[in-house]
Number of protein chains: 2
Amino acid sequence: MDLLLLLLLSLALSAVAVAHHEHLLPRPLILDPLPETLLSDRFDDDPFLVCNAWRFAGEANNLSPWKTIPPECAAFVADYATGRAYAVDLEMVAREAGAYARDVGLGGDGMDAWVFDVDETLISNLPYYAEHGFGLEVFNVHEFDKWVDEASAPAIPSSLKLYKEILDLGIKIVLLTGRSEGQRHVTIYNLNNAGYENWEKLILRGEHDHGKTATTYKSEKRSELEIEGYRILGNSGDQWSDLQGFPTASRSFKLPNPMYYIP
Amino acid sequence: MDLLLLLLLSLALSAVAVAHHEHLLPRPLILDPLPETLLSDRFDDDPFLVCNAWRFAGEANNLSPWKTIPPECAAFVADYATGRAYAVDLEMVAREAGAYARDVGLGGDGMDAWVFDVDETLISNLPYYAEHGFGLEVFNVHEFDKWVDEASAPAIPSSLKLYKEILDLGIKIVLLTGRSEGQRHVTIYNLNNAGYENWEKLILRGEHDHGKTATTYKSEKRSELEIEGYRILGNSGDQWSDLQGFPTASRSFKLPNPMYYIP
């Protein structure tokens, strides 16, 4: 009878977990642009204001999935990404994350963890995107994989500083990336070259993870971490799909990324 | 035995619900500023870039709770709130919400619902905040209540347009506000004056809702709506506490608000 009860309870709990999971993955996965995509058809304003509003809408997770940046915002995004604005935005988020990490209070049992995404979170693919219109071209996985093999993506300086602060606090670092298991070695090589080391785990997409959205894949991996006993105090990522789903970290930090969207 | 099972199952489910609930309310509720609040101590950049980065960090929910805007950003926020930038940001979010509402597909049974917050979502208290430093002064509930009693807050034009579109689609509108039940009449009067009518429900804080965070109070009310059979397709609010917690809407839309933060 105890066994039956246990079975029923765990069935009920799974049903709730699945319901929650689906509930927390509500965004449409259509990447086809909506009929009215041309911002210039919609607004009769200063292009800076309109593109800044588009960027705000993306960062606040208000936009439907998008495949490329709006053509009218090509110069805006290039200026943003290569100028101080992007760097200052990145620094602001890293400082907020650092202040929280210093303040949060640790369990002291070695199970406090912080999850970092890799691309556009720890290392920057700006040299690649500079050659591909800063998001104006539709993403080409073959071209991008060639770039990944070069293992030459530089560190994002404010993220490297945060990474070291978090390590020094005694928080375990888990790297959770949408890159494939087959890219493990170049990824480690690139991360080390950029100054990152001493992480606890580096999780890449295995053979059963392909075809899943990033939200699903990353949620499953965070769930496994919690089952292993980790408390995920913080999660830093440049995509909402790094941060949403279930379980969430105690606090999530959204780094800016105006160049691409991953569901 | 069946009853015992049912009891145990429902206990287990409640425990899960509570755990989820707490899990989804993870932000610290300290409103005391962190030690390093002065942005000018942190950045040696163009104030526009720094204040825009602070605004982005707020809109992406990266900031710790804050009581007032950073003093160095007083002019920035005043310019933003009174100029076209705020209006364009609001229009962008309303258009995304409208495109989603037209596309989402309705149940057709009258139980499709959209939740709107009221202040800074449907109507604007800018005339009040213009007299109080656009968020530079610590919020004074007595002063604000006097303003509420005037019932003269104007509509946010893009929100009024969205509201009418959503009504026309046959979606039921639920207004969910942090205002008190005692302010029901002035709120209805103000909303009607601003052009809003034909909502399904107007939910205000009742006597048992005081002292709860907005996230808790609004989550509880969304939960009650779902128990009543409503499907919450969309939720529009200017605070993350309008949108977070459990249950969430199928899609949430964060309107900009650089003037105040509600936990």
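Residues numbered from 1 in each chain as written. Chains lettered and ligands numbered in written order. Predicted model: local features only at pLDDT ≥ 70, side-chain atom pairs only at ≥ 80, totals over all residues. Heavy atoms only, no water.

Considerations on the environment of G98(B)
Residue and element names in this part refer to chain B. Under the convention used in this document: Strands are runs of DSSP state E lasting at least two residues, helices are runs of H or I lasting at least four, and both sets are numbered from the N terminus onward. When checking whether two residues touch, look at their non-hydrogen atoms; a contact exists if any pair is within 4.5 Å.
When you line up the elements, G98 lands in helix α5 (residues 84-103). Spatially, the C-alpha atom of G98 lies 8.9 Å from that of Y163, the residues being 65 residues apart in sequence. With near-sequence residues (within four places) excluded, G98 lies in contact with L162 and E165.

Overview of helix α3 (residues 47-59) of chain A
Residues three or four positions apart in an α-helix share a direction because the helix packs 3.6 residues into each turn. Residues and elements named next belong to chain A. Filter applied, for reference: Helices are assigned an expected span. That span is 1.5 Å times one less than the residue count. The buried label goes to any residue with under 20% of its type's maximum accessible area, the exposed label to any with over 50%, and the partly exposed label to all in between, with areas taken from a 1.4 Å probe on protein chains only. We call two N or O atoms a polar contact when they sit within 3.5 Å, provided that within protein one can donate a hydrogen and the other can accept it, with sequence-adjacent residues counted only if both atoms are side-chain atoms.
Here α3 contains 13 residues, and its C-alpha end-to-end distance of 18 Å stays within 8% of the 18 Å for a straight helix at 1.5 Å per residue. Of all the 13 residues making up α3, ten are buried; the element is thus mostly covered by neighbouring parts of the structure. Among all positions of α3, only L49, V50, C51, N52, A53, W54, R55, F56, A57 and E59 are buried. For α3, the N-terminal capping position is held by D46, with its side-chain oxygen 2.9 Å away from the main-chain nitrogen of F48. Trailing α3 by a residue or two, N61 shows a phi angle of about 65°, which is positive.

Concerning empty space enclosed by the protein
Formally: Points on a 1 Å grid over protein atoms alone make up a cavity when a 1.4 Å probe fits among them but cannot get out, and a pocket when they form an open set with protein on both sides within 12 Å along at least five of seven lines; lining residues each have an atom within 4 Å of a point. Grid points are joined across faces, edges and corners, and a volume is the space filled by probe spheres set on the points. Asp, Glu, Lys and Arg are counted as charged, while Ala, Val, Leu, Ile, Met, Phe, Trp, Tyr, Cys and Pro are counted as nonpolar; the rest, among them Gly, fall into the polar class.
Inspection of every chain in the model, using the stated rule, returns six cavities of 30 Å³ or more. In this structure, the second largest cavity is lined by N52(A), R55(A), F56(A), E59(A), N52(B), R55(B), F56(B) and E59(B). Only α3 of chain A together with α3 (47-59) of chain B provide two or more residues apiece to the lining of the second largest cavity. Of the residues in the lining of the second largest cavity, the class split is two nonpolar, two polar and four charged.

Remarks on the packing of α3(A) against α5(B)
For clarity, the threshold we go by: A fitted line through C-alpha atoms serves as each axis, taken over the contacting stretch for helices, and the angle formed by two N-to-C directions is quoted from 0 to 180°. What sets the label is the angle itself: under 35 degrees gives roughly parallel, over 145 gives roughly antiparallel, 65 to 115 gives roughly perpendicular, and the rest give oblique. Two helices cross in a left-handed way if the nearer one is turned anticlockwise from the farther one by less than a right angle. They cross in a right-handed way if the turn is clockwise.
Relative to each other, α3(A) and α5(B) sit at 50°, their axes nearing to 9 Å. By the angle between their axes, α3(A) is oblique relative to α5(B). In the crossing of α3(A) with α5(B), the sense of the turn from one axis to the other is right-handed. Between α3(A) and α5(B), the contacting residues are L49(A), V50(A), N52(A), A53(A), W54(A), F56(A) and A57(A) on the first element and R84(B), A85(B), V88(B), D89(B), M92(B) and V93(B) on the second. For the contact of α3(A) with α5(B), a count of residues per class yields ten nonpolar, one polar and two charged.

Function cannot be read off these values alone, since they describe shape.
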